[in-house]
Protein chains: 2
Amino acid sequence: MTPRTWTDRQCPVARTLDLVGDRWVLLIIRDAFDGLTRFSEFQRSLGIAKNILADRLRLLVENGILRRVDTGADSRAHYRLTPRGEDLFTVIVGLRQWGERNAFEADEEHSVLILEQTGEPLPNIDPVRADGGRIVARDTHVQKV
Amino acid sequence: MTPRTWTDRQCPVARTLDLVGDRWVLLIIRDAFDGLTRFSEFQRSLGIAKNILADRLRLLVENGILRRVDTGADSRAHYRLTPRGEDLFTVIVGLRQWGERNAFEADEEHSVLILEQTGEPLPNIDPVRADGGRIVARDTHVQKV
DNA sequence: GGATTCTGGTTGCATATTGCAACCGAACGG
DNA sequence: CCGTTCGGTTGCAATATGCAACCAGAATCC
């Protein structure tokens, strides 16, 4: 899971970006959350060059974010999210909701993430205090180790 | 704010990545949240090549995520987050918390994001239902427009 | 106030990464 | 069987990145 050298040993943001901080990687993970598992499905969905896709899938498997599943019935490759990969759900939702708020004009349509139980769009996620108040950047600071 | 062509017109995740889906860009934004504002501060903090930093700062200003501030007292450039940039706080926190959970060994130290009012680390952020239950990817699906 | 340093870049060139198209063997489909 | 799809690999061209040198204007030193 560990790159030979981290960009910044102490910073969790930098470490995360060393593992998944690449446009294609994050779009592959988005597609994996949408249920895509096959090499060709990712390739068609993203329009990514095949050598780059092969490289990124290999890296994601090496880093424990996807696992390669070879079933008996179908010997071709499937790629599925590991628990560590599933844990990126919050990040993908954060990117999606920021885009919804900041990258579309008011009259533009976009795809929506729906919660099955209610049929409604997911509520916005935000850092909140124990009392429910929203936390903004000004309320925080990074404590270096 | 709009790239000439979006990777995927309908998907908010793809649009967000078109604007900030670059390792350096996200690290610049992280540093901006930590209070850095000067070209030389970003350059020293990140060890990024100066031409690349100049390019990324220009793009971030064009995309309305940073604004260039020239004060009378100090005519040198300062770069500060716009409201749209501040709104990325949730994304940066999500990346940070995923890294804390998944990119460090149990005995490894890392920097910590502290909430001023309590002096304690920020609680984890996650998508939650109205009843407070955590939402996982399986509970959701993307509705295409 | 003159010299020196710092800042915020730009430019040119070498190197690394990406994209594209062709190719390939194994597996499937009819 | 014969053609097609799948999951790649390979070689080459185009693009992006990194590095070092350079530069003008502002600030600092003395």
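Structure's up top.
What you are looking at is a predicted structure, and each value in this text was computed from that prediction instead of being measured.

**Some words on the overall build of chain A**
Phase 1: When helices and strands are tallied, chain A shows six helices and four strands.
Phase 2: Along chain A, helices and strands appear, N-terminal first, in the series α-α-α-α-β-β-α-α-β-β.
Phase 3: Looking at chain A residue by residue over its 145 residues, the buried ones come to 48%.
Phase 4: Within chain A, counting contacts between residues at least 6 apart in sequence, those at least 24 apart form 36% of the total.
Phase 5: Accessible surface computed for chain A: about 7,300 Å², of which carbon and sulfur atoms make up 46%.

**What to know about the protein's contact with DNA strand D**
Phase 1: Neighbouring DNA strand D are 18 residues, the closest being Arg38(A), Lys50(A), Tyr79(A), Asn51(B) and Arg56(B).
Phase 2: For DNA strand D, the backbone makes up 67% of the atoms found within 4 Å of the protein, where backbone means sugar plus phosphate.
Phase 3: Contact between DNA strand D and Ala77(A): a phosphate oxygen at 3.2 Å from a main-chain N or O atom of the residue.
Phase 4: One nitrogen or oxygen atom from the side chain of Asn51(B) is found 2.7 Å from a base nitrogen belonging to DNA strand D.
Phase 5: Those elements that place two or more of their residues in the surface near DNA strand D are helix H3 (39–46) and helix H4 (50–62) of chain A together with helix H4 (50–62) of chain B.
Phase 6: Of the residues belonging to the surface near DNA strand D, the class tally is seven nonpolar, four polar and seven charged.

**Comments concerning the interface of chain B and chain A**
Phase 1: Listed by partner, the interface residues are 72 residues for chain B and 72 residues for chain A.
Phase 2: When the two sides are added together, the surface that chain B and chain A hide from each other amounts to roughly 6,800 Å², 63% of it contributed by carbon and sulfur.
Phase 3: Counting every contact that joins chain B to chain A gives 12 salt bridges.
Phase 4: With a shortest N-O distance of 3.7 Å, Asp87(A) and Arg134(B) are connected by a salt bridge.

**A closer look at the protein's contact with DNA strand C**
Phase 1: Residues in contact with DNA strand C amount to 18 residues; listed here are only the nearest, Asn51(A), Arg56(A), Arg38(B), Lys50(B) and Tyr79(B).
Phase 2: In DNA strand C, atoms within 4 Å of the protein come 66% from sugar and phosphate.
Phase 3: Take Trp24(A): an N or O atom from its side chain is 3.3 Å from a phosphate oxygen of DNA strand C.
Phase 4: Side-chain polar atom of Arg38(B) to a phosphate oxygen of DNA strand C: 2.5 Å apart, as the coordinates give it.
Phase 5: Elements with a contribution of two residues or more to the surface near DNA strand C: H4 of chain A together with helix H3 (39–46) and H4 of chain B.

**Observations concerning the side chain of Thr16(A)**
Phase 1: Mapped onto the elements of the fold, Thr16(A) is located in helix H1 (residues 12–20).
Phase 2: Judged by relative accessible area, which is 0%, Thr16(A) ranks as buried.
Phase 3: Among the polar contacts listed, one links the side chain of Thr16(A) to the backbone oxygen of Pro12(A), at a separation of 2.9 Å.
Phase 4: Beyond its immediate stretch of four places on either side in the chain, Thr16(A) contacts Gly21(A), Leu95(B), Trp98(B) and Gly99(B).

**Considering the relation of the copies chain B and chain A**
Phase 1: Under the fitted operation, chain B is carried onto chain A by 0.0 Å of movement along the axis and a turn of 180°, and the coordinates agree to an RMSD of 0.0 Å. Here the transformation between the copies is reduced to the relation of a two-fold axis.
Phase 2: Taken as a fraction of all interface residues of chain B, those also at the interface in chain A reach 100%, which identifies the copy contact as same-surface.

The rules behind each value
Residues numbered from 1 in each chain as written. Chains lettered and ligands numbered in written order. Predicted model: local features only at pLDDT ≥ 70, side-chain atom pairs only at ≥ 80, totals over all residues. Heavy atoms only, no water. Helix = DSSP H or I, 4+ residues; strand = E, 2+ residues; numbered from the N terminus. Buried < 20%, exposed > 50% of the residue type's maximum accessible area, 1.4 Å probe, protein only. Contact = heavy atoms within 4.5 Å. Areas by Shrake-Rupley, 256 points an atom, 1.4 Å probe, with all protein chains shown as cover. Near = heavy atom within 4 Å. Polar contact = N/O pair within 3.5 Å; in protein donor to acceptor, adjacent residues only side chain to side chain. Nonpolar A, V, L, I, M, F, W, Y, C, P; charged D, E, K, R; others polar. Buried area = accessible area lost by both parts, 1.4 Å probe. Salt bridge = Lys/Arg side-chain N within 4 Å of Asp/Glu carboxyl O. Least-squares fit on C-alpha atoms with pLDDT ≥ 70 in both.

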